[in-house]
Amino acid sequence: MKLLSYWHDTAPAFTGGAEGPVEGRYDVAVVGGGFTGLAAARQLAMGGARVALLEANTVGSGASGRNGGHLNNGIAHSYVAAKAHLGAKRAHALYRAFDASVDRIEAIVAEEGIDCAFRRAGKLKLASKPKHVAGLRANFEVIHREVDPDTAFLSKADLAHEVGTDAFHGAMLSKKSGMMHMGRYAVGLAEAARRRGAVLFERAPVTARRTVDGMTELTTPRGTLAARDVFVATGAYTSGPFGWFKRRLVNVGSFIVATRPLTAAEVAAVLPGNRTCVNSMNVGNYFRLAPDNRLIWGGRARFTAFSDQRSDAKSGAVLKASLATIFPQLAHVELDYCWGGLVDMTQDRFPRAGRADGVWYAMGYSGHGAQMSTEMGIRIADAILGRPDTNPLAGLDWPAIPGHLGQPWFLPLVGLWYKTLDRFQ
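Residues numbered from 1 in each chain as written. Predicted model: local features only at pLDDT ≥ 70, side-chain atom pairs only at ≥ 80, totals over all residues. Heavy atoms only, no water.

J.: How should the overall build of the protein chain be read in this particular structure?
T.: Scanning the protein chain from terminus to terminus reveals eleven helices and 19 strands. Taking 22 Å as the expected radius of gyration for a compact globule of 425 residues, we find that the protein chain reaches 21 Å, a close match to that expectation. Along the first, second and third principal axes, the C-alpha atoms of the protein chain reach 65 × 45 × 45 Å. Counting only residues that meet the buried cut, the protein chain has 57% of its 425 residues in that class. Sequence separation of at least 24 residues holds for 75% of the intrachain contacts in the protein chain that already meet a minimum separation of 6. Accessible surface, the protein chain: about 16,800 Å² in total, of which carbon and sulfur atoms supply 53%. (Helix = DSSP H or I, 4+ residues; strand = E, 2+ residues; numbered from the N terminus. Rg over C-alpha atoms; globule rule 2.2 N^0.38 Å. Buried < 20%, exposed > 50% of the residue type's maximum accessible area, 1.4 Å probe, protein only. Contact = heavy atoms within 4.5 Å. Areas by Shrake-Rupley, 256 points an atom, 1.4 Å probe, with all protein chains shown as cover.)

Set out below in structure tokens:
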């Protein structure tokens, strides 16, 4: 079993990074080479800005290349709860932005000719307990009536055509949702940004910043550049001189395993509907088939803010056991990959984007950024270019988390709380 991301291992290498020192003067410096930063760099360059992107490792090496491969439309939360928390107008706008994000990715893939197996698959939100069905159905009815008619509610009997297990008791189907190969999309998006005129510096973590004559100087081990505007798009991998954001994000490990390629008979017995799937538990699982028919199975296997090979291997054992519980027919199927990544959670689990601490930003996707990151990168890029503000999160308060200085010491307690809720809810 390889302890590395399937998306990284099966994607071509990006070879368009700038060589030589980090230097020069730019209109915009984008910090972070995930989907948010890459989409922003492409949009800014297309808008005529001179733009440089600084990535601490390699493009797509963070959350963009370590997720479950889902492109799910709509709000991951209960839409009813989102309306109560955000207000009806903002909840509606945010739901529409998630819809638009999948549309946007589909358009970029077509326009730039990115070979990433993009497909409109539909998403199933699966009821893990009989008593979850009523709440799931109530949320569906509001969504279907008010914001998204391209949804349906499936009974337990309907699920026989979707998933090869009796573990679930109904589901909401979101028909607009999609999937793709995340590694190939990241590389394709980076190549598109470079073709459009952006300069991409890999292995260039920002270690310091200062303001000089109205410009922001960003220092890296490879040199220093200056920019009129800075866009921070680092999420859970935020480091260096951006402590304002670290006090507002809780980094949580999310872990994933991938089986060997399944046979046609195994696919038919496990996931005949070939959709993206997520269950209704607080400490739940998400899964889908890869382009080569591996089952990709993920979840919050352990509540930790670390992801390294030792931690990933421990979490892989937890995931293997949960996979066998839901799909006992795969209990003895080999696992070819196991990996982990960090999720940038906000306190209310809604993303944030705008301008603060002297920089532009978009982050805090809380486990649902694979789709939204491209869209928010483009929307904030448009704001930097002086275009009409379409940010659905503009003005949303984002206070620092009390007692949180960057290392989430409280994660084990959070995990215990959610596990307790799952026992009784």
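Now that the structure is up, let's keep going.
J.: Please clarify how the pattern of salt bridges should be interpreted in this entry.
T.: Proximity of charged atoms lets side chains of opposite charge pair with each other. In the structure shown here, the tally under the stated rule is 27 salt bridges. R96 is the partner of D99 in a salt bridge, and the nearest nitrogen-oxygen pair spans 3.8 Å. Here D99 pairs with R96, and both are found in helix α4 (residues 88-112), just three residues apart, close to one helical turn. When its relative accessible area of 36% is taken as the criterion, R96 is described as partly exposed. Of the charged contacts in the structure, one is a salt bridge between R352 and D348, with a shortest N-O distance of 2.9 Å. We classify R352 as buried; its relative accessible area is 5%. (Salt bridge = Lys/Arg side-chain N within 4 Å of Asp/Glu carboxyl O.)

J.: Any chance you could explain the nonpolar core here in plain terms?
T.: The biggest cluster of nonpolar side chains holds 76 residues, and the ones touching the most others in it are M180, Y185, L200 and F231. Examining the composition of this core, we find that nine residues originate from one element, α4, more than from any other. Discounting chain neighbours no more than four positions away, the residues touching L200 are F14, G17, A18, L38, L53, V59, A190, A193 and R194. Grouped together as the second largest cluster of nonpolar side chains are 28 residues, L126, L159, V257 and L319 included. (Core = buried A, V, L, I, M, F, W, Y, C linked by side-chain atoms within 4.5 Å.)

J.: Please explain the sheet that holds strand β16 (residues 295-299) as it appears in this structure.
T.: Two modes of strand pairing occur in sheets, parallel and antiparallel, and in both the strands are linked by backbone hydrogen bonds. One open sheet holds the eight strands; their spatial order is β6-β7-β5-β14-β15-β16-β13-β17, and the pairing between them is mixed. Two strands in the sheet have a free side with no partner beyond their single neighbour: β6 (151-155) and β17 (335-345). Neighbour to neighbour, the strand axes of the sheet diverge by 20° on average, direction disregarded. Of the strand pairs in this sheet, strand β13 (residues 250-259) and β16 are connected by four bridges, and their pairing is antiparallel. Looking at the pairing, F255 lines up with G299 of β16. Across the sheet, helix α5 (residues 132-146) lies against β5 (123-126), β6 and β7 (170-174), angled at about 160° from β6, the strand it touches most. (Pairing = 2+ DSSP bridges. Axes fitted to C-alpha atoms, helices over the stretch in contact; angles between N-to-C directions.)

J.: Even after reading the chapter, I still don't get unusual backbone geometry, so can you show me in this structure?
T.: When glycine is set aside, most residues are seen to have a negative phi, and most peptide bonds are trans. Positioned with a positive phi, R203 is a non-glycine residue whose angle comes to about 50°. With respect to the element layout, R203 can be found in the loop between β9 (199-201) and β10 (208-212). At S366, a residue that is not glycine, the phi angle is positive and equals roughly 60°. Mapped onto the secondary structure, S366 falls in the loop between β19 (359-363) and α10 (369-384). Relative accessible area serves as the criterion here: at 4%, S366 is assigned to the buried category.

J.: How do you make sense of the environment of I296 when you look at a structure like this?
T.: Among the structural elements, I296 can be located in strand β16. On a C-alpha basis, the gap between I296 and G69 in space is 8.4 Å, while along the polypeptide they are 227 residues apart. Beyond its immediate sequence surroundings of up to four residues, I296 is in contact with Y6, W7, G68, I256, V257, A258, Y286, F287, R288, A290 and W339.

J.: Please clarify how the packing of α4 against helix α6 (residues 182-195) should be interpreted in this entry.
T.: Helix packing for two helices is described by the angle between their axes and how far apart those axes are. Between α4 and α6, the shortest axis-to-axis distance is 11 Å and the interhelical angle comes to 65°. Pair α4 / α6 crosses with left-handed handedness. Along the contact surface, α4 presents I105, I108, V109 and E112, while α6 presents Y185, L189, A192 and R195. Looking at the contact of α4 with α6, its residues break down into six nonpolar, no polar and two charged. (Left-handed = near helix turned anticlockwise from the far one by under 90°. Nonpolar A, V, L, I, M, F, W, Y, C, P; charged D, E, K, R; others polar.)

J.: Explanation requested: the sheet that holds strand β3 (residues 70-71) in the structure shown.
T.: Pairing in this open sheet of three strands is antiparallel, and the strands run β3-β8-β4 from one edge to the other. Edge positions in the sheet fall to β3 and β4 (119-120), since each of these pairs with one other strand and no more. Note: β4 against strand β8 (residues 178-179), two bridges, orientation antiparallel. Note on β8: the bridge partner recorded for R119 is M179.

J.: What is the right way to read empty space enclosed by the protein from this model?
T.: Gaps left between atoms show up when a probe the size of a water molecule is rolled over them. Taken as a whole, this structure holds two cavities of 30 Å³ or more when the rule is applied. Computed from the structure, the largest cavity encloses a volume of approximately 50 Å³. Lining the largest cavity are I75, A76, H77, L94, F98, R349, F350, P351, Y365 and H368. Here the residues of the lining of the largest cavity are counted per class, giving seven nonpolar, two polar and one charged. Of the voids in this model, the second largest cavity is the one considered here, and its volume is about 40 Å³. The element contributing the most residues to the lining of the second largest cavity is helix α9 (residues 309-326), with three residues. Tallied by class, the residues present in the lining of the second largest cavity amount to six nonpolar, no polar and one charged. (1 Å grid on protein atoms, 1.4 Å probe; cavity = no way out; pocket = protein on both sides within 12 Å on 5 of 7 lines; lining within 4 Å. Points joined across faces, edges and corners; volume = space filled by probe spheres on them.)

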